[in-house]
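# Survey of secondary and tertiary structure
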Amino acid sequence: MRACVVGSGAREHALAAVLGRSVDVVATPGNPGIEGRTGEGHRLESTATRPEEIEADLFVIGPESPLVDGLADRLRQKGRLVFGPGADGARLEGSKHYMKSLASRAGVPTARWASYSSGELVEALAFCRSLPGTYVIKTDGLAQGKGVLVTDDLAEAEADLERKLSGTSFGEAGRRVVIEEGLAGHELSLFAVCDGRRAVALEPARDYKRIGTGDVGPNTGGMGAYAPVPSAGSSAVGVAMDRIVEPTLASLRREGVDYRGVLYAGLMIGPDGPALVEFNVRFGDPEAEVVLPLLESDLADLLASAAEGDLRTAPQVRSSPGSAVCVVAASPGYPEAPVTGHLITGLDGAGTLDHVSVFHAGTRRDEEGALRTAGGRVLCVSALGTDLASARARAYEAVAAVHFDGMQVRTDVAALPPEPSRPG
Ligand code: AMP
Ligand code: GLY
């Protein structure tokens, strides 16, 4: 079997590496880390060829944008086997209004909300003022993870609403907003692999969204993660599958959406159990870089069975009893204005440590073949261990071997006791 992974980041590198335990993988456009052979002897390659022109037995689409743009539909029309929802299912991530409406129709526990379009500023402000505490203002459309404000300051919320609805801050994506009541608790990322009817959960993960150690500074695409999450309690996953994932999948099905892909439930674990914060329609990044390496059962079989519409044919999902921790090395100036082009050294040392994988997030080779930084997040160093502390120690040992000018690293990823990533 040959699998094609669509995308270019560390999540796609992790997908390629774990699929590469049992199949050959071509990634498009891939990255400089996706090349060579895996320990199991399977070939990994990156190509500039468009996905539509690649021959493969299974397509796995990494990021949300091509899913929202209907790449899975186009590939299916050509008779390809695809893991990833069509544009109809991808609206769960492409429109917060659609996501919240569907969750409400499915009876899923989620924050109280309302949505407004430009021209409804007065009504939007009135709803916002009626909320008891923390205010959450979201652009309806995709805004590269930057469209959400969580604040306790009503004046800040009101100013944000005015900017979004007038199109000043996010253009069209913000001309419709979702306003929500803030939820309290600990966040948890749960990946459910879905075949249209059934869903199976992978290990839950926690990610670190803010740039600075101690959870300070602006939000990023994610500075690290760990899995599983002992403090979440073993029942949270079962409850989230029963109350959130299964009803959503059933609702989608009733509405004619055959959802084959990952349903990533961003959860808030509060005193009443898990509530839904958001759905994403792809694996989380960097959570995938810890959840996937922990898998002991075969990923290619699992994703192919889901893509075929029958998870019952897949082997039981099994994960290692240990833990995984990943730490992101980001460029200077990230997230506001990353400065790139710096030489990266030390990868040979880091990459050869036992149980360590260095996934490339934003790198390129220069004319001499040397690796240089080429994005905000540059590398994601992921390590396995028998427990969280040993995985963490290995990840930080490997990060210490890597260098590029101005490298930013959080030093508290998976620090014990785990830090809640509650915003605000
Ligand atoms: P979203 O794009 O919907 O995932 O929101 C981005 C982040 O904002 C989430 O991961 C949470 O950290 C935070 N957030 C979103 N909605 C809420 C909410 N209702 N209550 C508290 N935090 C939230
Ligand atoms: N780690 C958060 C996300 O992938 O959206």
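The preceding data block contains the structure.
A brief look at the structure comes next. As the structure is a prediction and not an experimental result, all values here were calculated from the model. (Residues numbered from 1 in each chain as written. Chains lettered and ligands numbered in written order. Predicted model: local features only at pLDDT ≥ 70, side-chain atom pairs only at ≥ 80, totals over all residues. Heavy atoms only, no water.)

A separate point is the site of ligand 1. Not every one of the 16 residues close to ligand 1 is listed here, only the nearest: Lys 96, Glu 180, Leu 183, Glu 187 and Glu 278. The separation between a nitrogen atom of ligand 1 and a polar side-chain atom of Glu 180 is 2.8 Å. The side chain of Glu 187 places a nitrogen or oxygen atom 2.6 Å from an oxygen atom of ligand 1. In isolation ligand 1 has 470 Å² of accessible area, and contact with the protein removes 92% of it. Counting only elements with at least two residues in the shell around ligand 1, the list comes to β8 (135–139), β9 (148–151), β10 (176–181) and β18 (273–280). When its residues are assigned to classes, the shell around ligand 1 shows eight nonpolar, one polar and seven charged. (Near = heavy atom within 4 Å. Polar contact = N/O pair within 3.5 Å; in protein donor to acceptor, adjacent residues only side chain to side chain. Areas by Shrake-Rupley, 256 points an atom, 1.4 Å probe, with all protein chains shown as cover. Helix = DSSP H or I, 4+ residues; strand = E, 2+ residues; numbered from the N terminus. Nonpolar A, V, L, I, M, F, W, Y, C, P; charged D, E, K, R; others polar.)

Close contacts around ligand 2 come from Asp 207, Gly 221, Tyr 264, Asn 280, Arg 282, Gly 284, Asp 285, Pro 286 and Glu 287, and that covers them all. At a separation of 2.8 Å, a nitrogen atom of ligand 2 approaches a polar side-chain atom of Asp 207. One nitrogen or oxygen atom from the main chain of Asp 285 is found 2.9 Å from an oxygen atom belonging to ligand 2. Here ligand 2 loses 85% of its free accessible area of 190 Å² to cover by the protein chains. Partitioning the shell around ligand 2 into residue classes produces two nonpolar, three polar and four charged.

Moving on: helix α1 (residues 10–19). Of all the 10 residues making up α1, nine are buried; the element is thus mostly covered by neighbouring parts of the structure. The complete set of buried residues in α1 reads Ala 10, Arg 11, Glu 12, His 13, Ala 14, Leu 15, Ala 16, Val 18 and Leu 19. (Buried < 20%, exposed > 50% of the residue type's maximum accessible area, 1.4 Å probe, protein only.)

Within this structure, the stated rule accounts for zero disulfides. No disulfide involves Cys 326; its sulfur sits 3.6 Å from the nearest other cysteine sulfur, which is in Cys 380. With relative accessibility at 0%, the residue Cys 326 sits in the buried group. (Disulfide = S-S within 2.5 Å.)

All right, on to the nonpolar core then. Residues Leu 92, Tyr 259 and Val 325 are the most contacted members of the largest nonpolar core, which totals 69 residues. For this core, the leading source of residues is helix α8 (residues 234–254), giving eight residues. The contact partners of Leu 92, leaving out residues within four places of it in the chain, are Tyr 98, Met 99, Leu 102, Leu 252, Tyr 259, Leu 263, Phe 279 and Val 281. Ranked by size, the runner-up nonpolar core spans 49 residues in total, among them Phe 83, Phe 191, Met 223 and Tyr 264. (Core = buried A, V, L, I, M, F, W, Y, C linked by side-chain atoms within 4.5 Å. Contact = heavy atoms within 4.5 Å.)

This next bit is on the side chain of Ser 251. For Ser 251, the position within the fold is in helix α8. Discounting residues that sit within four places of it in the chain, Ser 251 has contacts with Leu 102, Arg 105 and Ala 106.

Now for the sheet that holds strand β11 (residues 186–195). Sheet architecture is open: four strands sit in the order β12-β11-β17-β18, paired in antiparallel fashion. Two strands bound the open sheet, and with one partner strand each, they are β12 (199–201) and β18. Between one strand and the next, the sheet's axes are offset by a mean angle of 35 degrees, whatever the strand orientation. In this sheet, β12 lies alongside β11 in antiparallel orientation, the contact comprising three bridges. Each residue of the ladder has a partner; that of Ala 192, found in β12, is Ala 201. In the packing of α8 onto the sheet, the strands contacted are β11, β12, β17 (260–270) and β18, and the crossing angle to β18 comes to about 45 degrees. (Pairing = 2+ DSSP bridges. Axes fitted to C-alpha atoms, helices over the stretch in contact; angles between N-to-C directions.)

Another aspect to go through is the packing of helix α4 (residues 87–94) against helix α5 (residues 96–105). Where α4 meets α5, the axes come as close as 6 Å, and the angle between the chain directions of the two elements is 100 degrees. In terms of axis orientation, α4 runs roughly perpendicular to α5. Residues Asp 88, Arg 91, Leu 92 and Gly 94 of α4 touch α5, and the partners they reach there are Lys 96, Tyr 98, Met 99 and Leu 102. (Parallel < 35°, antiparallel > 145°, perpendicular 65-115°, else oblique.)

With that settled, consider empty space enclosed by the protein. Following the criterion strictly, the structure yields one cavity of 30 Å³ or more and no others. Computed from the structure, the largest cavity encloses a volume of approximately 40 Å³. What lines the largest cavity is Val 60, Ile 61, Leu 67, Phe 83, Gly 84, Pro 85, Gly 261, Val 262, Val 281, Arg 282 and Phe 283. Those elements giving two or more residues to the lining of the largest cavity turn out to be β5 (58–61) and β17. Grouping the amino acids of the lining of the largest cavity by side-chain chemistry returns eight nonpolar, two polar and one charged. (1 Å grid on protein atoms, 1.4 Å probe; cavity = no way out; pocket = protein on both sides within 12 Å on 5 of 7 lines; lining within 4 Å. Points joined across faces, edges and corners; volume = space filled by probe spheres on them.)

In terms of strand pairing, strand β14 (residues 210–212) meets strand β15 (residues 216–219) through two bridges, oriented antiparallel. Opposite Gly 212, over in β15, you have Val 216 as the bridge partner. Between β14 and β15, which follow one another and run antiparallel, lie three residues, and Gly 214 among them has a positive phi close to 90 degrees.

Moving on, we get to the pattern of salt bridges. Using the criterion set out here, one finds 30 salt bridges in the structure. One salt bridge connects Lys 100 with Glu 180, and the closest N-O pair in it is separated by 3.6 Å. In this pair, Lys 100 sits in helix α5 while Glu 180 sits in strand β10, placing the two residues 80 residues apart along the sequence. What makes Lys 100 buried here is its relative accessible area of 0%. Lys 138 is paired through a salt bridge with Glu 180; the nearest N and O atoms lie 3.0 Å apart. Here Lys 138, found in strand β8, pairs with Glu 180, found in strand β10; they are 42 residues apart in sequence, far enough to count as distant. Look at Lys 138 and you get buried, because its relative accessible area is 3%. Bridged by salt links that share partners, the residues Arg 50, Glu 52, Glu 53 and Arg 74 form one connected network. (Salt bridge = Lys/Arg side-chain N within 4 Å of Asp/Glu carboxyl O.)

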